[in-house]
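# Observations on chain architecture
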There are 2 protein chains.
Amino acid sequence: KQHDHYTGAPCAGYNKGQKHPFTEVIKANIGDSHAMGQKPITFLRQVVALCSFPELLNSPSFPEDAKQRARRILQGCGGQSLGSYSASQGVDCIRQDVAVYIEQRDKGVPADWDNIYLTTGASDGIVSILKMLVSGQGRSRSGVMIPIPQYPLYSAAISELEAVQINYYLDEDNCWALDINELHRAYQAAKEHCHPRVICIINPGNPTGQVQSRKCIEDVLHFAYEENLFVMSDEVYQDNVYSPDLQFHSFKKVLYEMGPEYFNTVELASFHSTSKGYSGECGFRGGYMEVLNLDLEVKAQLVKLLSVRLCPPVSGQAAMDVIVNPPLPHEPSYLQFHKEKSAVLGALAEKAQVTEQTLNTVPGIKCNPVQGAMYAFPRIFIPPRAVEEAKSLGMSPDMMYCLRLLEETGICLVPGSGFGQREGTYHFRMTILPTTEKLKVLLEKLRDFHIKFLKEYASLEEPKR
Amino acid sequence: KQHDHYTGAPCAGYNKGQKHPFTEVIKANIGDSHAMGQKPITFLRQVVALCSFPELLNSPSFPEDAKQRARRILQGCGGQSLGSYSASQGVDCIRQDVAVYIEQRDKGVPADWDNIYLTTGASDGIVSILKMLVSGQGRSRSGVMIPIPQYPLYSAAISELEAVQINYYLDEDNCWALDINELHRAYQAAKEHCHPRVICIINPGNPTGQVQSRKCIEDVLHFAYEENLFVMSDEVYQDNVYSPDLQFHSFKKVLYEMGPEYFNTVELASFHSTSKGYSGECGFRGGYMEVLNLDLEVKAQLVKLLSVRLCPPVSGQAAMDVIVNPPLPHEPSYLQFHKEKSAVLGALAEKAQVTEQTLNTVPGIKCNPVQGAMYAFPRIFIPPRAVEEAKSLGMSPDMMYCLRLLEETGICLVPGSGFGQREGTYHFRMTILPTTEKLKVLLEKLRDFHIKFLKEYASLEEPKR
């Protein structure tokens, strides 16, 4: 009964009565922070509880700044209740808070709350925008450029919408950077059989954990401008940057800095979520998207499309509001909030480093720096004999690897084939979400397993054919 | 900025600064109980608040039964947090509670929690099932039978999925009953150009407010059995039955009583929601569906499809749990819960009656009994000259009627054309959700308006051509 986010993680139904050579399953397959033991941010939960049960507004045990947030959100709800439908785009005052947040994040680049749509997690926004954009038949079918490796939401949505998936490969030898020449190659090849219309970027990257440079973002935007592509920038890990020498640049801010010729023309949608960052509130299904340069009639169609799901969950909207409108230094909850946020992000930064370093000590595993997001996506050497065996079993070699790992150690990872990878290369995705202690156990067991696996399949002979 | 649920209610942007001949807008266009002043059920909100901020489990101001519910829900969540993703089908223990609820509701008809899927409101479930069922091209395209008038989610989803909408008309002269001969007519006609695959029923009816008889349900199920149709029964108003001589029969219970030949073969999905009933918690986007007789492989595909949205909002799942697992007579919250629930349902029953009776005193308006749900769908006589004028303005006559009503009285209703109606007949949908006092004002103003409208357009001459 285990949810596996259509990535093909093999841990479904494990740890249920059968005898195993391990005492516990260690899950590192899903970006599900609270399930891995991360505690909720107190202030966020206080605001949601106050909104859910407004009698608590009279309780002296809740801080005034949390009450002020809750009162404001409730003012924006029909009948001052979280139980009313909001407008399809979300509660007005929350959309306003999002716009203010974006302006501050982007050092004054203007944000219009009319361009903000609250969503049911980021996925809802991503699928809605794709649904709105893709059309056509045969050679005029819309093509959607996505990175490989990718987060499988994209391939699933593209397939469901019967659009054309255009793969551009990230450069593993260059810390999974986006290579602009590869974009051109993929675009030119695709133009022969479809109408490329959209380019998707995930920054910081999932599953690859890279943080894009400002220069690279500018190149992508210039390319999108030249080729008239709609840019979808998945920025749900914008708070998850760990390398001290790197920073998150939003696509919108870079577009602005490129000048009005770009800022007033390139169509852009960017996505954020309550599920990642330091709050990790996946279950609330909160999120927003900001759109730029959409035709007014297209915006009307978008609202119509969004209205089919009536509205995003209002408690998720409230959670989103706290993330964009956290306690300020002079407010009573600031110290605790800041402490909790720093603790989460500090631990993630430490675990990102431990993961990369430990994996790189294992012969046959090569891991790029985990610059951001919540994942490592190391390349693993799988001996030819093991590749043969997997093929004879009708499964991908990295799936066989992950299955064996699970059966022998209880560690649950996701095979790279669920995300896409260059032909003949093998990877797995692991989250850095287990507690530091558990993560170290995981990495040790993984090392032992890998060495044993290499030995088992090592052979001087050519694999049998 | 007013959400209008794609029905075409004309009240968007009203009451914003312009001068109007009224002092307030009275909205009766959306089934949005809390926005119309209904108070949340205390127990439900206590449980949600406890789940959101578990520190409250130590507070003496929360009753023990609410704490017990919250603890159980949290036990079912990863890391005991609402912030974790649940499985795509929903939290196990909540699905179990739903199954127990259904067994009790249906007097012992067995329910298997493996057939229960929690959803993001009922809409999510309805769209998912349709998405799974429809396919084909040309004459083999799937046809979906829907009642006319219908709730526009159905027509919107069918159109988006490029399936064929097959209309069967409800019998207005017979209290909007479903007429089995009309089903046969619609089916036979549709068979010529598509492959009828699904029949949708809304019971109690939206927008028509009828409650189906047991006999009628049996007829529909027999028809579905004969023609191998998948039955989708939208039962979100199952708690909203007002006529003392009527009761809600679930399609599943009737199917069971028809014997194993039916119960073990007819494919059925039924839908429920937190949004209606006595709780009216629309904003939480909670809901469930129960499926019957689905092939195991089809179920696997359904889970895969549902996994694209990762999981339903977990706080909405918690709200659904309270609705299927309310306080029992021996528990501390029972009295208050029961009082609140009865007050809501009692007021709705009274307003259903007041609405029907008052509307039927107006010349040129004829209203069927509001037996259930939350709506009246009266037929209105629109004089030929008004029909002509509307056509010359390029709008439907009932849209012109509703616009005029809004401009002159501030009352916001939805034109019947948003739901479908027999050619040449005109209706509007109004909710019975305003407070009794406000509802009476609304009905009086509506009567005055209608009489004035009839006078204005009355003429002995034939309308000009």
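Residues numbered from 1 in each chain as written. Chains lettered and ligands numbered in written order. Predicted model: local features only at pLDDT ≥ 70, side-chain atom pairs only at ≥ 80, totals over all residues. Heavy atoms only, no water.

## Side note on the overall build of chain A
- Secondary structure assignment for chain A yields 15 helices and 14 strands.
- Against the 2.2 N^0.38 benchmark of 23 Å for 465 residues, chain A shows a C-alpha radius of gyration of 23 Å, consistent with a compact globule.
- Seen along its three principal axes, the alpha-carbon backbone of chain A occupies a region of about 75 × 55 × 40 Å.
- Of the contacts made within chain A by residues no fewer than 6 positions apart, 72% connect residues no fewer than 24 positions apart.
- Accessible surface, chain A as shown: approximately 17,800 Å² in total, 50% of it carbon and sulfur.
- Put simply, chain A has 46 plus and 53 minus side-chain charges, and the middle of one group is 5 Å from the middle of the other. (Helix = DSSP H or I, 4+ residues; strand = E, 2+ residues; numbered from the N terminus. Rg over C-alpha atoms; globule rule 2.2 N^0.38 Å. Contact = heavy atoms within 4.5 Å. Areas by Shrake-Rupley, 256 points an atom, 1.4 Å probe, with all protein chains shown as cover. Lys, Arg positive; Asp, Glu negative; His and termini not counted. Charge placed at Lys NZ, Arg CZ, Asp CG, Glu CD.)

## What about the UniProt feature "domain: Aminotransferase class I/classII large" (unreviewed entry) in chain A?
- In this numbering, the UniProt entry assigns the feature "domain: Aminotransferase class I/classII large" (unreviewed entry) to residues 64-446 of chain A.
- End C-alpha atoms of residues 64-446 of chain A are separated by 48 Å, and the span's content is 43% helix alongside 15% strand. (UniProt positions renumbered as here; feature names shortened; annotations may be inferred.)

## Looking at the domain arrangement of chain A
Residues and elements named next belong to chain A.
- By domain assignment, chain A separates into domain 1 (26-30 + 337-457) and domain 2 (71-324).
- Taking only C-alpha atoms, the centre of domain 1 and the centre of domain 2 are 28 Å apart.
- Contacts between the two partners involve 26 residues from domain 1 and, on the opposite side, 27 residues from domain 2.
- The contact between domain 1 and domain 2 buries some 2,300 Å² in all, and 58% of this surface belongs to carbon and sulfur atoms.
- If you sort the residues of domain 1 by the area they bury against domain 2, Asn368, Gln371 and Phe419 come out on top, with a joint share of 28%.
- For the pair domain 1 and domain 2, the interface holds twelve residue pairs in polar contact (both at pLDDT 80 or more).
- At the level of secondary structure, the elements contributing two or more residues to the side of domain 1 that touches domain 2 comprise α12 (334-359) and β10 (375-376).
- Among the elements that make up the side of domain 1 that touches domain 2, the one with the highest residue count is α12 (seven residues).
- Here the side of domain 1 that touches domain 2 is composed, by residue class, of 15 nonpolar, seven polar and four charged. (Domains from an automatic or database assignment. Buried area = accessible area lost by both parts, 1.4 Å probe. Polar contact = N/O pair within 3.5 Å; in protein donor to acceptor, adjacent residues only side chain to side chain. Nonpolar A, V, L, I, M, F, W, Y, C, P; charged D, E, K, R; others polar.)

## Some points on the pattern of salt bridges
Residue and element names in this part refer to chain B.
- What the rule picks out here adds up to 40 salt bridges over all chains.
- For Lys252, the salt bridge is made with Glu290, and the minimal N-O distance between the two is 2.8 Å. Taken as a pair, Lys252 in helix α8 (residues 251-257) and Glu290 in strand β8 (residues 286-292) lie far apart in primary sequence, 38 residues in all. The pair Lys252 / Glu290 is uniform in exposure class, with both members buried.
- We note a salt bridge from Glu408 to Arg404, for which the minimum N-O separation is 2.7 Å. Of this pair, Glu408 and Arg404 both sit in helix α14 (residues 397-409), separated by four residues, roughly a single helical turn.
- We classify Arg404 as buried; its relative accessible area is 15%. (Salt bridge = Lys/Arg side-chain N within 4 Å of Asp/Glu carboxyl O. Buried < 20%, exposed > 50% of the residue type's maximum accessible area, 1.4 Å probe, protein only.)

## Some words on the interface of chain B and chain A
- At the junction of the two partners, chain B supplies 58 residues and chain A supplies 56 residues.
- In total, chain B and chain A occlude about 4,400 Å² of area from one another, counting both sides; carbon and sulfur atoms represent 59% of this.
- In this assembly, chain B and chain A are joined by two salt bridges.
- A salt bridge links Glu160(B) to Lys131(A), with the shortest nitrogen-to-oxygen separation between them at 2.8 Å.
- In this assembly, chain B and chain A are joined by 23 residue pairs in polar contact (both at pLDDT 80 or more).
- Counting only elements with at least two residues in the side of chain B that touches chain A, the list comes to α1 (42-52), α3 (92-105), α4 (121-133), α5 (153-160), α10 (296-307) and α11 (314-324) of chain B.

## Here we look at the sheet that holds strand β6 (residues 230-234) of chain A
Residue and element names in this part refer to chain A.
- Taken in spatial order, the seven strands of this open sheet run β2-β8-β7-β6-β5-β3-β4, and their pairing is mixed. Two strands in the sheet have a free side with no partner beyond their single neighbour: β2 (116-120) and β4 (164-169). Adjacent strand axes in the sheet meet at a mean angle of 25 degrees, parallel and antiparallel pairs treated alike.
- Across five bridges, strand β5 (residues 195-202) lies against β6 in parallel orientation. Its bridge partner lying in β6, Val198 is registered against Phe230.
- Each of β3 (142-148), β4 and β5 touches helix α6 (residues 180-191); the most contacted strand, β4, lies at about 155 degrees to it.
- Together, β2 and β8 (286-292) form the strand contacts of helix α10 (residues 296-307), whose direction differs from that of β2 by roughly 25 degrees. (Pairing = 2+ DSSP bridges. Axes fitted to C-alpha atoms, helices over the stretch in contact; angles between N-to-C directions.)

## Topic: the side chain of Ser52(B)
- Tracing the chain through its elements places Ser52(B) in helix α1.
- Within polar-contact distance, the side chain of Ser52(B) engages the backbone oxygen of Val48(B) at 2.8 Å.
- Setting aside residues no more than four positions away along its own chain, Ser52(B) makes contact with Arg45(A), Val48(A), Ala49(A), Ser52(A), Phe284(A) and Leu82(B).

## Section: the environment of Leu302(B)
Residue and element names in this part refer to chain B.
- Structurally, Leu302 can be placed in helix α10.
- Given a relative accessible area of 0%, Leu302 falls into the buried group.
- The contact partners of Leu302, leaving out residues within four places of it in the chain, are Tyr117, Ile129, Met132, Met289, Val291 and Leu294.

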